[in-house]
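Listed below are the residues making up each chain.
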Amino acid sequence: MTDGRATTPSLARVVIAEDEAIVRLDLKEILVSAGYEVVGETGRGDEAVQLVEEHKPDLAILDVKMPGMDGLRAAREITSRHQVVVLLLTAFSQRDLIEEARDSGVAAYLIKPFQSRELLPAITDVLAKARQEWAIEAEQSGGGAEDKIATRRVVDEAKQILMDRDDLPETEAFGFIQRTAMQTRARMRDVAQQVVDGTLTP
Ligand SMILES: [Mg+2]
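Enquirer: With reference to specific residues and values, describe the packing of helix α2 (residues 45–55) against helix α3 (residues 71–81).
Expert: Contact geometry for α2 and α3: axes closest at 9 Å, N-to-C directions at 15 degrees. It follows from the interaxial angle that α2 and α3 lie roughly parallel. Handedness of the crossing formed by α2 with α3: right-handed. Across the interface between the two elements, Gly45, Ala48, Val49, Val52 and Glu53 from α2 touch Ala74, Glu77, Ile78 and Arg81 from α3. The class makeup of the residues in the contact of α2 with α3 is five nonpolar, one polar and three charged.

Enquirer: Please give an account of the coordination of the magnesium ion that cites residues and values.
Expert: At 2.0 to 2.2 Å from the magnesium ion lie its protein donor atoms, namely Asp19 (OD), Asp63 (OD) and Lys65 (O). Considered as a linear motif, the donors of the magnesium ion on their single chain read D-x43-D-x1-K. Pair noted here: Asp19 is in the loop between β1 (13–17) and α1 (21–33) and Lys65 is in the loop between β3 (59–63) and α3, with a separation of 46 residues, a long-range link. Residue Asp19 is classed as partly exposed on the basis of its relative accessible area of 35%. Residue Lys65 is classed as exposed on the basis of its relative accessible area of 61%.

Enquirer: Which residues make up the sheet that holds strand β4 (residues 85–91), and what values do they have?
Expert: The strand order β2-β1-β3-β4-β5 describes an open sheet built from five strands, whose pairing is parallel. Across the chains shown, the open sheet's two edge strands, defined by having one partner strand only, are β2 (37–42) and β5 (108–112). Adjacent strand axes in the sheet meet at a mean angle of 20 degrees when their direction is disregarded. Two strands pair when backbone bridges link them, and β1 and β3 are joined in this way by four bridges, in the parallel orientation. The partner of Ile16 across the bridge, within β3, is Ile61. Strand contacts of α2: β1, β2 and β3, with the helix running at about 150 degrees to β2, the strand carrying the most contacts.

Enquirer: Please give an account of the pairing of β4 that cites residues and values.
Expert: When you tally the buried positions in β4, you get six out of seven residues, the bulk of the element. Examined bridge by bridge, β3 and β4 share five bridges and lie parallel to one another. The residue of β4 that forms the bridge with Asp63 is Leu89. In this fold, β3 hands off to α3, which returns the chain to β4; that crossover is right-handed. In this sheet, β5 lies alongside β4 in parallel orientation, the contact comprising five bridges. Bridged to Ala91 within β5 is Lys112.

Enquirer: Tell me about the domain arrangement of the protein chain, and name the residues and values.
Expert: Parsing the protein chain into structural domains produces domain 1 (13–128) and domain 2 (140–197). Averaged C-alpha coordinates put domain 1 and domain 2 at centres separated by 30 Å.

Enquirer: Describe the nonpolar core, with residues and values.
Expert: Soluble globular proteins: nonpolar side chains tend toward being buried together. With 24 residues, the main nonpolar core has Leu27, Leu31, Leu59, Ile61, Phe114, Leu119 and Ile123 as its most contacted residues. Counting only elements with at least two residues in this core, the list comes to β1, α1, β3, β4, β5 and α5 (116–139). At seven residues, α5 tops the list of elements feeding residues into this core. Contact partners of Leu119, with chain neighbours within four places excluded, come to Leu27, Ile30, Leu87, Leu110 and Phe114. In terms of nonpolar packing, the next biggest core, distinct from the first, is built from 22 residues, Val15, Ala74, Val84 and Leu88 among them.

What counts and how
- Within each chain, residues carry numbers counting from 1 in the order of the written sequence.
- Local features are withheld for residues below a pLDDT of 70 in this predicted model, meaning they are given only at 70 or higher, and side-chain atom pairs are given and counted only at 80 or more; totals for whole chains, interfaces and linings count all residues.
- Just so you know, side-chain values use all the structure's heavy atoms and leave hydrogens and water out.
- As a rule, the C-alpha atoms of each element are fitted with a line to give its axis, helices using only the stretch in contact, and angles between N-to-C directions run from 0 to 180 degrees.
- Working definition: helices are DSSP H or I runs of at least four residues, strands are E runs of at least two. Numbering for both runs from the N terminus.
- Should an angle fall under 35 degrees it is called roughly parallel, over 145 degrees roughly antiparallel, and 65 to 115 degrees roughly perpendicular, with every other angle called oblique.
- The crossing is said to be left-handed when, going from far helix to near helix, the turn is anticlockwise and less than a right angle, and right-handed when the turn is clockwise.
- Any two residues whose heavy atoms approach within 4.5 Å at even a single point are treated as in contact.
- For this scheme, ten residues count as nonpolar: Ala, Val, Leu, Ile, Met, Phe, Trp, Tyr, Cys and Pro. Four count as charged, namely Asp, Glu, Lys and Arg, and the remainder, Gly too, count as polar.
- Excluding water, the donors of a metal are its N, O and S neighbours within 2.8 Å, or within 3.2 Å for Na, K and Ca, and that exclusion means sites may look incomplete.
- A 1.4 Å probe rolled over the protein chains alone gives each residue an accessible area, and that area as a share of the maximum for its type sets the label: buried under 20%, exposed over 50%, partly exposed in between.
- Here, strands pair whenever DSSP counts at least two bridges between them.
- Note on handedness: a crossover is taken as right-handed if, strands pointing away from the viewer, the path from the first strand over the helix to the second is clockwise.
- Segment limits for the domains were obtained from an automatic or database-derived domain assignment.
- By nonpolar core is meant a set of buried Ala, Val, Leu, Ile, Met, Phe, Trp, Tyr and Cys residues that side-chain atoms within 4.5 Å join together.

Below you can see the structure in the form of C-alpha cells.
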C-alpha cells in the first residue's frame, strides 16, 4: 500500500483523547518515540469518537473526564462499532469507575500520573491480546460462537505447551501458531491441535 505513510510500519495506529494539553503532549511523545503512529489527537470525548470513525486506529487512549463526552461513554460508542482497543486514563480518585470501564469495552486502564515504563508494556499487552482475539475471530468469521470457543480453547492449550515446553514468550507462542497456519494455508485451530498432539514443534 502506498498511502504516503512512513515505509517502516508503526507498531500500531493510535488516537489519543486527553483534555490536559500537557498530558496529551507527553503521551504523544512517549508513543511516537516508541514507534507508534498517532493518527489523531483531541481534548474532547465526542471528537475522539469521530477521530476513531475517521482513522480506524488499532488503539484509542481515552481520558475519563473530558469535555464533549466522558471517556467511558466514548469507549462504549467506539467499541460497539469498531475493532479497536481502548485504554482508559483515570485519576486516582476515579478508581470506582473500574467496573464500569470493563462494561464499556475498555481493555485496560492506567492511573494518572503514569510513567512511560507503565504505559508502554500496558499497550503492548492489550494490543497483543486483542490481535490474538481478532485473528481467532477472523478465522471463525463463518462459524458460530461454539467454533470460536473451541478454537480459542485449543489455541490457548497449544500456546501453554509452547510456553512451558519450548520456553516461548506468549506472543511468540501465538505468533508461531499464526505464522505456521499462514505458511501452510491451514487453520490456526488445526495447527494448534498438532501442537497439542505433539506432531508439530517450533
Ligand atoms: Mg481530563
